[in-house]
Protein chains: 2
Amino acid sequence: MTASVTTSPPTKRGRPGYDQESVLSIAVEVFNKHGYDATSMGKLAENLGISKSAIYHHVPSKGDLLRLALDEALVPLEAIAKDEQAAVGTAEERLKFFLRSTIRVLVKRQQYVTLLLRLRGNTEIERDALERRRAVDRKVSDLVIEAQQEGSLRSDIDPRTTTRLLFGTINSLVEWFREDGNVTAEQVEDHAITMMFDGLHKSDR
Amino acid sequence: MTASVTTSPPTKRGRPGYDQESVLSIAVEVFNKHGYDATSMGKLAENLGISKSAIYHHVPSKGDLLRLALDEALVPLEAIAKDEQAAVGTAEERLKFFLRSTIRVLVKRQQYVTLLLRLRGNTEIERDALERRRAVDRKVSDLVIEAQQEGSLRSDIDPRTTTRLLFGTINSLVEWFREDGNVTAEQVEDHAITMMFDGLHKSDR
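- Per an unreviewed UniProt entry, the recorded name for chain A is TetR family transcriptional regulator, and the organism is Paeniglutamicibacter gangotriensis Lz1y.

Shown next as structure tokens:
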């Protein structure tokens, strides 16, 4: 997991001498703005202020750029299940750990996760990424079922709807969360978990 | 508020004799699939299986189609505030009424709301629609502030984040809710309200 992608500032137009990470960071912005299908290597070159052949110096094809960009979201999402904390505690605690970690990836890799969430599956690379995303999602839906069975999660909402409401809430963060906004990434993580598990209604518990 | 738009089945390609509502219903699908900017009147005509001049018989321009389609979402959303129930009860009860009613519009006018949520504001028509949407959203954020002040809503989450979490959760419904899925529109409305206000954690209250 390379943190440098998100911390490197958006490089200015016309500046030559990109490394692969900067190319990736700008490419994902252009993909998200115009859509992957509608983005040609020519348009990318224009946004980078370099020639097409200079892009090909970094990556062999547009598809490779997409694959690398999707990995920036998928690799840390897949790493969550391998964290030792993912195996500790009740199913509800493990579910919370998963969701917290997912939110963390979402806010740190916002552009890359946005790209992943908007995929349509038109190409093999997109379909592979969607399959990997589904595998991650299944871990969460399995935990929802387990947490309902252990009695910690309310079961008057079926597991499938519960899972969708959870993903709906956290995935929407990529649309509205801004690092420079009025709340920090840590606060937003706490707040989302609080709403989803304890609700917004004020109570004494 | 005309209910007929959502109940009219998607008309098949090549069938002549559309009314304006069917044209609208297909236009919004094409806008959502390819993006408004990327959809020409020629592409619309192709999807409708009629000539461009036949479309112009129904609407003067692509912009008018967009405006009419956005009205299908905005008019019922704006009507919520005028419902007498919107003025009854505590701020929390009024907030719940607003959110429930919004969810109802979202699931009944899914395509039109999707179009509204994806607007970029490139044209005057889009900016007008976004302004009307913001006016609707402001009513909800005002109610959140009022409900926190009356003490019914938890105030350890700031009102702005609370509002965004609420909209994030309910707006995401347009992405995943399917009328023919395993839960009805009424259930999804109940379930979303339950999660947002009472939380998923099982408790005795």
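## Re the UniProt feature "DNA-binding region" (unreviewed entry) in chain A
- Annotation from UniProt places "DNA-binding region" (unreviewed entry) at residues 40-59 of chain A.
- Secondary structure over residues 40-59 of chain A splits into 75% helix and 0% strand, and the C-alpha atoms at its two ends are 14 Å apart.

## Focus: the domain arrangement of chain A
Residues and elements named next belong to chain A.
- Split into domains, chain A comes out as domain 1 (4-66) and domain 2 (72-198).
- Between the C-alpha centres of domain 1 and domain 2 there is a distance of 28 Å.
- Tallying the contact residues gives 12 residues for domain 1 and 11 residues for domain 2.
- For the domain 1 and domain 2 pair, buried surface summed over both sides reaches about 1,100 Å², with 61% attributable to carbon and sulfur atoms.
- At the surface where domain 1 touches domain 2, the tally comes to zero salt bridges.
- Where domain 1 packs against domain 2, one counts four residue pairs in polar contact (both at pLDDT 80 or more).

## Quick notes on helix α7 (residues 110-117) of chain B
- Among the eight residues of α7(B), six are classified as buried, and the element is accordingly described as predominantly covered.
- Residues of α7(B) that are buried: B:Gln110, B:Tyr112, B:Val113, B:Thr114, B:Leu115 and B:Leu116.

## So, a positive patch on the surface
- A grouping of A:Lys33, A:Arg118, A:Arg120, B:Lys33, B:Arg118 and B:Arg120 is seen on the molecular surface, where their side chains present a positively charged patch.
- Residue placement: A:Lys33 occurs in helix α2 (residues 20-34).
- With a relative accessible area of 55%, A:Lys33 lands in the exposed category.

## Observations concerning the pattern of salt bridges
- Inspection of the entire model under this criterion finds 26 salt bridges over all chains.
- Note that B:Arg104 is salt-bridged to B:Glu189, the shortest N-O span being 2.6 Å. Note that B:Arg104 is positioned in helix α6 (residues 91-108) and B:Glu189 in helix α11 (residues 185-198), a separation of 85 residues in sequence.
- Taking relative accessible area as the criterion, B:Glu189 reaches 6% and is therefore assigned buried.
- Across the salt bridge formed by B:Arg133 and B:Asp137, the nearest N and O atoms sit 3.7 Å from each other. Taken together, the positions of B:Arg133 and B:Asp137, both in helix α8 (residues 124-149) and four residues apart, correspond to about one turn of that helix.
- Salt bridges sharing common partners tie together A:Arg100, A:Arg104, A:Glu189 and A:Asp190.

## Let's talk about the packing of aromatic side chains
All names here are of chain A.
- Within this structure, the stated rule accounts for three aromatic pairs over all chains.
- Between Phe31 and Tyr36, the aromatic rings sit 5.0 Å apart at their centres with planes inclined by 80 degrees, giving edge-to-face as the arrangement.
- The lysine or arginine in question, Lys96, covers the ring of Phe197, its NZ or CZ lying 5.0 Å from the ring centre.

About the thresholds
Residues numbered from 1 in each chain as written. Chains lettered and ligands numbered in written order. Predicted model: local features only at pLDDT ≥ 70, side-chain atom pairs only at ≥ 80, totals over all residues. Heavy atoms only, no water. UniProt positions renumbered as here; feature names shortened; annotations may be inferred. Helix = DSSP H or I, 4+ residues; strand = E, 2+ residues; numbered from the N terminus. Domains from an automatic or database assignment. Contact = heavy atoms within 4.5 Å. Buried area = accessible area lost by both parts, 1.4 Å probe. Salt bridge = Lys/Arg side-chain N within 4 Å of Asp/Glu carboxyl O. Polar contact = N/O pair within 3.5 Å; in protein donor to acceptor, adjacent residues only side chain to side chain. Buried < 20%, exposed > 50% of the residue type's maximum accessible area, 1.4 Å probe, protein only. Patch = residues over 30% accessible without salt bridge, like charges linked within 9 Å, V, L, I, M, F, W, Y side chains within 5 Å. Areas by Shrake-Rupley, 256 points an atom, 1.4 Å probe, with all protein chains shown as cover. Lys, Arg positive; Asp, Glu negative; His and termini not counted. Charge placed at Lys NZ, Arg CZ, Asp CG, Glu CD. Phe/Tyr/Trp six-rings, centres within 6.5 Å; stacked < 30°, edge-to-face > 60°. Lys NZ or Arg CZ within 6 Å of the ring centre and 35° of its normal.

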